[in-house]
Structures are given as C-alpha cells and as structure tokens.
Amino acid sequence: MFGSIARTVIAHPWRVIGTWIVLAAAVIVFAPSLDDYTTGNQQSFLPSTFESVEAQAAGDASFPAQSGATGSLVVVRDDGAALTAADQGTVAALATTLQSDAIPGVVSVQETPQSLSPDGLTAALSVAFDGQPGDEAVDDAVPALRTASDEALAGSGLTSALTGNAAIQVDTTTAYASAERTITIATVLLIVLLLGLVFRSPLIAVIPIVVIGVVLSVVTGLTALLADLLDFQVSDTLQPILVVVLFGIGTDYIVFVLFRYREHLRRGESHREALEVSVGVVGRVVASSALTVIGAFAGCCSRGSSR
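Cut-offs and rules
Residues numbered from 1 in each chain as written. Predicted model: local features only at pLDDT ≥ 70, side-chain atom pairs only at ≥ 80, totals over all residues. Heavy atoms only, no water. Buried < 20%, exposed > 50% of the residue type's maximum accessible area, 1.4 Å probe, protein only. Helix = DSSP H or I, 4+ residues; strand = E, 2+ residues; numbered from the N terminus. Pairing = 2+ DSSP bridges. Expected span 1.5 Å × (residues − 1). Contact = heavy atoms within 4.5 Å. Salt bridge = Lys/Arg side-chain N within 4 Å of Asp/Glu carboxyl O. Axes fitted to C-alpha atoms, helices over the stretch in contact; angles between N-to-C directions. Polar contact = N/O pair within 3.5 Å; in protein donor to acceptor, adjacent residues only side chain to side chain. Core = buried A, V, L, I, M, F, W, Y, C linked by side-chain atoms within 4.5 Å. Phe/Tyr/Trp six-rings, centres within 6.5 Å; stacked < 30°, edge-to-face > 60°. Parallel < 35°, antiparallel > 145°, perpendicular 65-115°, else oblique. Left-handed = near helix turned anticlockwise from the far one by under 90°. Nonpolar A, V, L, I, M, F, W, Y, C, P; charged D, E, K, R; others polar.

Asks: Explanation requested: the pairing of strand E5 (residues 158–163) in the structure shown.
Replies: Sheet faces and side chains relate simply in a regular strand, where the side chains alternate between the two faces. Burial along E5 is one-sided: the face carrying Leu158, Ser160 and Leu162 is buried and the face carrying Thr159, Ala161 and Thr163 is not. Bridge analysis of strand E2 (residues 70–77) against E5 gives six bridges, and the strand direction is antiparallel. Directly across from Val74, in E5, lies its bridge partner Ala161.

Asks: Can you help me understand helix H5 (residues 136–153) in this one?
Replies: Quick reminder: α-helices carry 3.6 residues per turn. Residues three or four places apart thus point the same way. Its 18 residues give H5 an end-to-end C-alpha distance of 26 Å, which sits within 8% of 26 Å, the value for a rise of 1.5 Å per residue. Inspection of H5 places Val138, Ala141, Val142, Leu145, Ala148, Ser149 and Leu153 among the buried residues, and these make up the whole buried set. Taken together, the buried residues of H5 touch E2, helix H4 (85–101), strand E3 (106–110), strand E4 (122–129), E5 and helix H6 (165–199). A positive backbone phi angle near 80 degrees is found at Gly155, which sits one or two residues after H5.

Asks: Can you walk me through the pattern of salt bridges in this structure?
Replies: Any two side chains of opposite charge can pair, given that their charged atoms come close. Summed over the entire model, instances satisfying the criterion amount to five salt bridges. Among the ionic pairs, Arg77 bridges to Asp87, the shortest N-O distance being 2.6 Å. Of the two residues, Arg77 is situated in strand E2 and Asp87 in helix H4; the sequence distance between them amounts to 10 residues. Judged by its relative accessible area of 22%, Arg77 is partly exposed. Note that Arg146 is salt-bridged to Asp171, the shortest N-O span being 3.1 Å. Residue Arg146 is found in helix H5, and its partner Asp171 is found in helix H6; the two are separated by 25 residues along the sequence. On the basis of relative accessible area, Arg146 is assigned to the partly exposed category, the value being 23%.

Asks: Where do I start with the sheet that holds E5 in this structure?
Replies: Strands pair in a sheet through their backbones, by hydrogen bonds, and they do so in one of two ways: parallel or antiparallel. Here four strands make up an open sheet; going across it, the order is E3-E4-E2-E5 and the pairing antiparallel. Each edge of the open sheet carries a strand with a single partner, namely E3 and E5. Sheet twist, expressed as the mean angle between neighbouring strand axes with direction ignored, is 20 degrees. Of the pairings in the sheet, the one linking E3 to E4 comprises four bridges and is antiparallel in character. Its bridge partner being in E4, Ser108 is matched across the sheet by Ala128. Sitting on the sheet, H4 is in contact with E2, E3, E4 and E5, with an inclination near 165 degrees to E3.

Asks: Hey, could you run me through the environment of Ser160 in this one?
Replies: Within the secondary structure, Ser160 sits in strand E5. Using a relative accessible area of 11% as the deciding quantity, one classes Ser160 as buried. Linking Ser160 and Ser72, residues 88 residues apart in sequence, is a C-alpha distance of 9.9 Å. Engagement of the side chain of Ser160 in a polar contact is seen with the side chain of Ser149, the distance being 2.6 Å. Of note is the side chain of Ser160, whose polar atom sits 3.4 Å from the side chain of Asp150.

Asks: Looking at this structure, I do not really get the nonpolar core. What am I missing?
Replies: Nonpolar side chains tend toward joint burial in soluble globular proteins. One finds Val109, Val127, Phe129, Leu145 and Leu162 to be the most contacted residues of the largest nonpolar core, which totals 26 residues. Those elements that provide at least two residues to this core are E2, H4, E3, E4, H5, E5 and H6. At six residues, the largest contribution of residues to this core is made by H5. With near-sequence residues (within four places) excluded, Val127 lies in contact with Ala69, Thr70, Gly71, Leu73, Val106, Ser108, Val109, Leu145 and Leu162. Residues Leu195, Leu216, Leu242 and Leu246 belong to the second largest nonpolar core, which totals 13 residues.

Asks: Can you help me understand the packing of aromatic side chains in this one?
Replies: Given two aromatic rings, their pairing is described by the distance between the two centres and the angle made by the two planes. Taken as a whole and judged by the stated rule, the model has one aromatic pair. Relative to Phe256, the ring of Tyr253 has its centre 6.2 Å away and its plane inclined at 50 degrees; by these criteria the two rings are tilted. Linking Tyr253 with Phe256, this pair stays in helix H8 (residues 238–266), spanning three residues, or about one helical turn. Residue Phe256 is classed as partly exposed on the basis of its relative accessible area, which comes to 35%.

Asks: It is not clear to me how the packing of helix H2 (residues 13–30) against helix H7 (residues 202–230) should be interpreted in this structure. Could you clarify?
Replies: When two helices pack together, their arrangement is given by the angle between the helix axes and by the axis-to-axis distance. It is the contact of H2 with H7, at a shortest axis distance of 8 Å, that shows an interaxial angle of 50 degrees. The angle between the axes of H2 and H7 places the two elements in the oblique class. Pair H2 / H7 crosses with left-handed handedness. Residues Ala24, Val27 and Ile28 of H2 touch H7, and the partners they reach there are Val214, Ser217, Val218, Gly221 and Leu222. Grouping the constituent residues of the contact of H2 with H7 by class yields six nonpolar, two polar and no charged.

This is the structure:
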C-alpha cells in the first residue's frame, strides 16, 4: 500500500503538493481559534462519577455562594514594617472599594477578623469568585482584580498581591504560554542545527521545519473544528505538548526517510526507485507507531471514563 502511495506521489509531485497546500490553507484560514475552546479548569475533564466532581456538584447546589474559586489579596507595607492603624483603615477601605467595583467574576472581597497577621506585618482580604479555577470568567477576573487593587493602593505606601487557586491557575497558564514560546524556539533551532550538521544541506535543514510547522497549524485548526462540532474543550497544556510531539516525531520520521533514501542512492538505484522503497519501508514504521499511540490513548480514555 505504501509503495503504491509513493508511486502516485512520485508520478504527480506538484499536484500532490498543490492539493496539500490548498487543504492546509483552507483549514488554517477557516478553522476557529483553539484558544476559544481551551480551559484551565481540570475538573471539566473528569467523569461525573469521580468523588471530587460529585462533591463539587453537591456543594454548588447547597452552597452556591461559596462554591466558586477563592483567593487571598495580601497587603503589606512597601518598607516591610508593621501595618499602622491608618494602614489597616486603608486595607478596610480597599475591601469596600473592590466590593463596590462589582468586578465581573468576583463575588465578594471581604475583611475578616483573621485578616491581620499576628505579627501585624500582613493583611489578607478574602476573595470569592463566580466559577471554578480555569473558567473564563474567573481567569478574566484575576488580572482585573489585581489592577483595581494596585490602582486603589497607589500612593498609599502599601502593595497588594493576589494568590489562591484562581490566581495560581492564571499564572500557570501564563507560564505555559511562555514555556511554549521557549520550547518552540529551542526545538526549531536544535532541529535545524542537527539536520544541518548531519546532512550538510541548508535545504534539508529547513524543509522539515516548514512542513512540520504547517502540520502543527493544521492539527491545531482541526482540533478547534472538532471542539466546535462536538462541543468539548481542551486543556491549556495541549499546545506545548503538540509542539514537542509533532516536531519530535515529525523530524524523526523525516530523518528515517532521508537516511533510507540516501542508502538506496549509494547502492546505485535511481532517485525514483530509492524514494519509492524508502517511503514504502518508513510508511509501515509510521503507521505501526501511530496505531500504537492511538491504542494507548484510547486505553487511557476508556479507563478514565469507566471509573
């Protein structure tokens, strides 16, 4: 089968390339953005039979005002000294101001009897959000609350910082985005360097990056299309994983083909014969590897859904 595919591609190379370019461009242009179907709410990926999900559902029904994400808005003096009576009044006013601002996604910002630390160095306001960590409304509320707090404390000699499960989720997502850029740049540079050193050809070093980059865009678009059609969301860790996996296995398979192709050329075969045999052999390797991965993921998914 793979030999037949190779012969067809070799016989009509520009038609095959043109067809793939058109299909890839259509997916990239018309597919929705994957960001619209990405969530950091890990609970949404768990089956409803899990204890944590059942407990959350019961809590949402019985205690709706307390069922969302929570946080602590920590306030300290810029000079590190203990909070004065005036500072404590500023903290109390901050809670009132933030509560009256009615920031979307924020249920309440309150000062409690335990807000002031025993050493008097720190005050912590209790924050309740309307939703779970990773929900879009909560993710939007975290930076809005931080900005509003900084503006309210400007010139007071006090500094605030928001922590808690909602804030940690937002910061984790930001860290993943930064890691994705770093991983992508490092991966591309490493592949170009290694392929350039091994094959001593700038063209061979660059072509895999271009091809895999297009495949990454197509996969991202198709995932977004499926998420839209089947009404599901994906984790915010998916994009960095796609970069590593696609560039890793993509380069791996391309190197397989190139090495096999070069071996057959050295045996005196023509370019067409060498390419046909190479694709036929490597095609079986790629197919068996893909089926193994599909089986592994299907087993993991079925195990999770049965619990």
